[in-house]
Amino acid sequence: MIKGVMFDFSGTLFHIESVPQWLEAVVSEAGLDMSEGELAACAGRLTEAGALPGGPPPRALPAHLDTLWRERDLSAERHRAAYTALAREASLPSVELADALYDRHRTPAAWRPYPDTEATLRALHERGVPVAVVSNIGWDLRPVFRDHGVHGLVDTYALSFEHGVQKPDPELFQVACDKLGLPPGEVLMVGDDRVADVGAAALGCQVHLVDHKPVECRPNALRAVLEVVRER
């Protein structure tokens, strides 16, 4: 019987703004004068570099960043270093933009919940089913949940940078189960990554995968979780 649910963050409960929106917000804040063509070209380079956390991965990771990329979610320092390095690979018009872009993605304004996120979390809360957010991340995402009005629907968080371990290592899922006060066999893991999130199965957790699709293509993917919990 499922008595608790763990959710991934990016691509499952929330989605990041697009690369062009991300870049335009930072350029506007910095007061830089860039034409539409220059913005589009820079956004294309940033996309190819995989510089937006929560966005598309690098199309071709530079060899000198391989270790940093693999370990980026183990600490705040490594996370910033990895993504600012990728941004600098995109030939930015100003060197200061790398840090400004990184800072922008950590703001609540850069994130939006999927259409069924609040309804799903609220339904679980009303049923008395505790919820944990388990994320490979290098910064505190709790303000994102607070700003979007769903922090009160989450009971606890297990964030990789706070524990020095990242999914699919079962240890991070065990941390979340311990915080929920439940054995893994009674906890469902919901995520979009068929490698990282499936790591919970090694503990005996049930796993329910959702597709990491554009928001308009998955309006009710999370609602299926309620049926999974009910059936089990």
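Preceding block: the structure.
The structure reproduced in this document is the subject of the present report. (Residues numbered from 1 in each chain as written. Predicted model: local features only at pLDDT ≥ 70, side-chain atom pairs only at ≥ 80, totals over all residues. Heavy atoms only, no water.)

1. Describing the overall build of the protein chain
- Helix and strand counts for the protein chain stand at 10 helices and seven strands.
- Taken over the C-alpha trace, the protein chain has a radius of gyration of 18 Å; the compact-globule value for 232 residues is 17 Å, and the two agree within 12%.
- Projected onto its principal axes, the C-alpha coordinates of the protein chain cover approximately 55 × 35 × 25 Å.
- Among the 232 residues that make up the protein chain, the fraction classed as buried is 50%.
- Restricting to contacts in the protein chain with at least 6 residues of sequence separation, those with at least 24 account for 67%.
- Of the roughly 10,400 Å² that the protein chain leaves accessible, carbon and sulfur atoms contribute 49%.
- Where the 23 positive side-chain charges of the protein chain centre and where its 34 negative ones centre are 4 Å apart. (Helix = DSSP H or I, 4+ residues; strand = E, 2+ residues; numbered from the N terminus. Rg over C-alpha atoms; globule rule 2.2 N^0.38 Å. Buried < 20%, exposed > 50% of the residue type's maximum accessible area, 1.4 Å probe, protein only. Contact = heavy atoms within 4.5 Å. Areas by Shrake-Rupley, 256 points an atom, 1.4 Å probe, with all protein chains shown as cover. Lys, Arg positive; Asp, Glu negative; His and termini not counted. Charge placed at Lys NZ, Arg CZ, Asp CG, Glu CD.)

2. Details of the pattern of salt bridges
- Evaluation of the coordinates by the stated rule reveals 13 salt bridges.
- Among the salt bridges present, the one from Glu17 reaches Arg104, with a minimum N-O distance of 2.8 Å. Highlighted residues: Glu17 in the loop between strand S2 (14-16) and helix H1 (19-30) and Arg104 in helix H5 (residues 97-105), separated in sequence by 87 residues.
- The structure contains a network of salt bridges with shared partners spanning Arg80, Asp99, Asp103 and Arg106. (Salt bridge = Lys/Arg side-chain N within 4 Å of Asp/Glu carboxyl O.)

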